Structures are given as structure tokens and as C-alpha cells.
Amino acid sequence: MRQWRILHTESSLGWGGQEVRVFAELEWMRRHGHWVALAASPDSHIARYAQEVDMPFYPLRTHKALLPLEVPRLAAWIRSKGINVVNTHSSNDGWLGGLAARLALRPMLIRSRHIEVDYPNRFLSGLAFRSLPHRVLTTSGRIADRLVDELGVRRDRVSCISTGVDLEKFRPDERGTLRGELGLGPEVALVGVISVLRSWKGHATFLAAAEIIRTAKVPVHFVIAGDGPGREELTQKIAEGGWKDRISLLGHRRDVPKVLASLDVLVLPSYAHEGIPQIILQAQAMSRAVVATMVGGIPEVVEDGVTGLLVPPRDAAALAEKIMELLENPARREELGRAARLSIEKEHTLDAMGERLLDLYEETRRERRR
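Please read these numbers as outputs of a predicted model, since none were measured by experiment. By convention here, each chain's residues receive numbers from 1 onward along its written sequence. Only residues with pLDDT of 70 or above have their local features reported here, since the model is predicted, and side-chain atom pairs are shown and tallied only from 80 upward, although totals for entire chains, interfaces and linings are computed over all residues. Just so you know, side-chain values use all the structure's heavy atoms and leave hydrogens and water out.

(A) Region of the structure containing the packing of aromatic side chains. Each aromatic pair joins two rings of Phe, Tyr and Trp (for Trp, the six-membered one) with centres within 6.5 Å, and gets the label stacked for planes under 30 degrees apart, edge-to-face for over 60, and tilted for any other angle. Inspection of every chain in the model, using the stated rule, returns 7 aromatic pairs. Residues Trp15 and Phe23 carry aromatic rings whose centres are separated by 6.3 Å and whose planes lie at 70 degrees to one another, so their mutual orientation is edge-to-face. Of the aromatic side chains, those joined through ring pairs into one cluster are Trp15, Phe23 and Tyr49. Over a ring means this: the NZ of a Lys or the CZ of an Arg is within 6 Å of the ring centre and within 35 degrees of the ring normal. Taking NZ or CZ as reference, Arg2 lies 5.6 Å from the ring centre of Trp4, over its face. Above the ring of Tyr271, the side-chain terminus of Arg314 is found at 3.6 Å from the ring centroid.

Below, the structure is given as C-alpha cells:
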């Protein structure tokens, strides 16, 4: 087996599905004998996690004014480490890491796209995705289609590899800890959202649905796990609402399997930008019932009525109705959970993702030699 020397670049400071995937790729490749490194801001969550496991780390400075200095600096580091794969993930590091990889001459350059967004400046976006990288990697088919249709990226240069779940970490028999943490009895249902706190994740719709369910006198407690730029506004909304004693903000959690194991229903009410959300795949791996919106790549992994339930975005009434349907029917929750687990085992394991990535590297290497 060829041994790769792989660098991932990430300019995001937060910790969401994208960063979780980057870190999962790094750890999987390292466990399978490949040399890996991360280039990121020293102030980021992912940098902290990389350094905790002694992963080679390059401090990334992505300010545009520094680009003329940072590109050759990073290129020299890439050459010095013998890196032959550079995978960039966000806009700022996409330009810095991409230009540095090209200047270093040797590495193949892969540009990953994790979320679905519009392309207001199609000229620059075309350069970023059509001209600079050797291959574009997406997490969902919908994102790939838009890159082809809107930016003119060649279909044969776009690969879709959805995120894989580590089935050793996300198991249906995991023991939940939230009820004890929150002082709740077994008769109280737990419904939760786990995501970065951004407006487009739909927390406002979740709160509105919680208000509808609260008036139905159902014994249920709502939880929101995650952190991000929307935390202050969300905290204020909860404090002002009549249901503040029935909703808990959990903050950033590193024990996501235990949080998921505690939930009766996992909700993702996003209204934009989603690729294939990792939290849905993780919940499905743990046989949790999922209610999510028909946004982005979500319908690619949630088959409505089979592996979860789908609702329109920004429709609190529909969201509340589906949550109530599952709370009132434990057998239905179990049925959806079992089917979801089987779909993960078949299509979305971490090993499957890793092997597909290795195939992508080898295919790209062969293309460059032609």
C-alpha cells in the first residue's frame, strides 16, 4: 500500500461538522500508516485537538495582507516535509494552501466543499474550484451538482465522498448521561439539537416547535448542544421565553455519543447550507430517531418514513407535529432507528470513507502522470 504524506488546511476557528470531518480524516489516515499534518490557526478548536494527540502542526496565518509572505513560507514547509497531498477546506485557507501547494510543485491539491452556498463572484469561485485544484471533493451529490452547473467544474474532476461514522464510538448500546446531569426522571422525553450555533441551523424554528409541544402538556425536556456566534442571541431568546425551564443550553460537548444516547429524538431544523450533516449520521449510527429538514444533502441520508422523518424548513408546526408523532410512538422511534443503523453500516462507515479517499488519491495521482 502506498504511504501518503497528507496536509489538511483549515482556517475556521470553530468546531462543527466540517472540522469534525477534517479531524476524522486525519486520525483515520494516521491509524492506517500515513503521515498527516494540520495547518490551522493556533486559536482554533481543531488546532487544540491536533496538538493534544501530538499531530504535526503548522500555524496558519490567513489574513489577506499576509498572503504574499505566507504562500512561499507554507510552500517551503510543504516541500521540507515531503508532502504529496494537500487538502484545503475553507475560503481563506483554500487560497493560501492552494497557492502554496501549487508553488511547492509536487503535491496533488484537493479542494473540499462541505456546505451548500451560493457563488456571488463566479469568477473567483471558478478559479478556486475549477482552476486551482487537481480535484474537488464534496460531501453530498447536491453540492457536486451545483459546482458543475454553476461554476463549470468538470464532472470528472468532482468526487462525492460522504462522511463516515466511527461505529466503535457511536454504538446503539452507549449509555446516556443527560438525564442524571439535568436531574430528569425516566418519564421525561428528551428532544435535542446538536450543532454549531448559527442562524441557518434553525434554532429559532426549534424553539417555536418547543413552544407548540409545551402547550400540549407532554413531559418533555429540550436540549441544545453546541457553541458558536449565535450563542448570545439564543441564550437571550430562551431567557425571555415561557419555556426557559424546559430548555437547557449544554454548550460545546466532547461527549457527543453520550448526549445522543440520552435523546429520544434528534432534531436538525436547518434552513440553508447543509451538505450531509455528521450529527444526523452519528445519530443514525446510534439508532436514534431523527427529524430533519429537506435542505441540501439531508434527503440523501434521511429517507422520509424509513430512516427518519423530513419536514419543510422554517415550519415550526410541521416540526412539532413530527416530534410529537415520535414521542407518542416509541415503537415507531425504534423502527426508524433500526433502519437508520443498517443504512449507516451499509454506506457510511468511517472505514468506507477512508478507503474511498485512498482510492481518490491514487486515481488523482494516475491522472497527473498521464
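Picking up after the structure, the text goes on.
(B) Representation of the pairing of strand β1 (residues 5-10) in the model. Taking burial as the measure, the 6 residues of β1 include 5 buried ones, the bulk of the element. Note: two strands are recorded as paired if DSSP finds a minimum of 2 bridges between them. Runs of E in the DSSP output that reach at least two residues are strands. Runs of H or I that reach at least four are helices, and both are numbered from the N terminus. Sheet analysis places β1 next to strand β2 (residues 35-40), joined by 6 bridges and oriented parallel. Counterpart to Glu10 in the pairing with β2 is Ala40. The path from the first strand over the helix to the second decides the hand: if it runs clockwise while the strands point away from the viewer, the crossover is right-handed. In this fold, the crossover linking β1 to β2 by way of helix α1 (residues 17-31) has right-handed handedness. Direction of pairing for β1 relative to strand β4 (residues 85-88): parallel, over a ladder of 4 bridges. When the sheet's bridge partners are listed, Ile6 is paired in β4 with Val85. Each residue is assigned to one of three classes by its accessible area relative to the maximum for its type, calculated with a 1.4 Å probe on protein chains only: buried under 20%, partly exposed between the two thresholds, exposed over 50%.

(C) Spotlight on helix α6 (residues 141-151). Listed as buried for α6 are Ile143, Ala144, Arg146, Leu147, Val148 and Leu151. In this structure, the buried side of α6 is in contact with β5 (108-113), α5 (122-131), β6 (135-138) and β7 (158-160). A positive phi of about 70 degrees marks Gly152, the residue just after α6. The contact criterion used throughout is that any non-hydrogen atoms of two residues lie within 4.5 Å.

(D) Focus on the environment of Arg2. Within the secondary structure, Arg2 is located in the segment before β1. Classification of Arg2 as partly exposed rests on a relative accessible area of 39%. Setting aside residues no more than four positions away along its own chain, Arg2 makes contact with His34, Glu362 and Arg365. In this structure the side chain of Arg2 is engaged in a polar contact, spanning 3.1 Å, whose partner is the side chain of Glu362. Counting of polar contacts relies on pairs of N or O atoms within 3.5 Å, with two restrictions inside protein: one atom must be capable of donating a hydrogen and the other of accepting it, and residues adjacent in sequence are counted only when both atoms are side-chain atoms.

(E) Up close: the side chain of Glu25. Relative to the helices and strands, Glu25 is located in helix α1. With relative accessibility at 1%, the residue Glu25 sits in the buried group. For Glu25, the residues in contact, after removing those within four places along its chain, are His8, Asn87, Met353, Leu357 and Tyr361.

(F) Summary view of the packing of helix α8 (residues 203-215) against helix α12 (residues 316-327). Taken N-terminus to C-terminus, the directions of α8 and α12 make an angle of 60 degrees; their axes are 8 Å apart at the nearest point. It follows from the interaxial angle that α8 and α12 lie oblique. Crossing angle aside, the handedness with which α8 passes α12 is right-handed. Along its contact with α8, which presents Thr205, Phe206, Ala208, Ala209, Ile212 and Ile213, the element α12 presents Ala316, Ala317, Leu319, Ala320, Ile323 and Met324. Under the convention adopted here, Pro, Cys and the residues Ala, Val, Leu, Ile, Met, Phe, Trp and Tyr are nonpolar, Asp, Glu, Lys and Arg are charged, and Gly plus all remaining residues are polar. Residue composition of the contact of α8 with α12, by class: 11 nonpolar, 1 polar and no charged. The angle between two axes is taken between their N-to-C directions and runs from 0 to 180 degrees, where each axis is a line fitted to C-alpha atoms and a helix contributes only its stretch in contact. Throughout this description, any angle smaller than 35 degrees is read as roughly parallel, any larger than 145 degrees as roughly antiparallel, any in the 65 to 115 degree range as roughly perpendicular, and the remainder as oblique. Crossings are assigned a handedness: left-handed for a near helix turned anticlockwise from the far helix by less than a right angle, right-handed for a clockwise turn.

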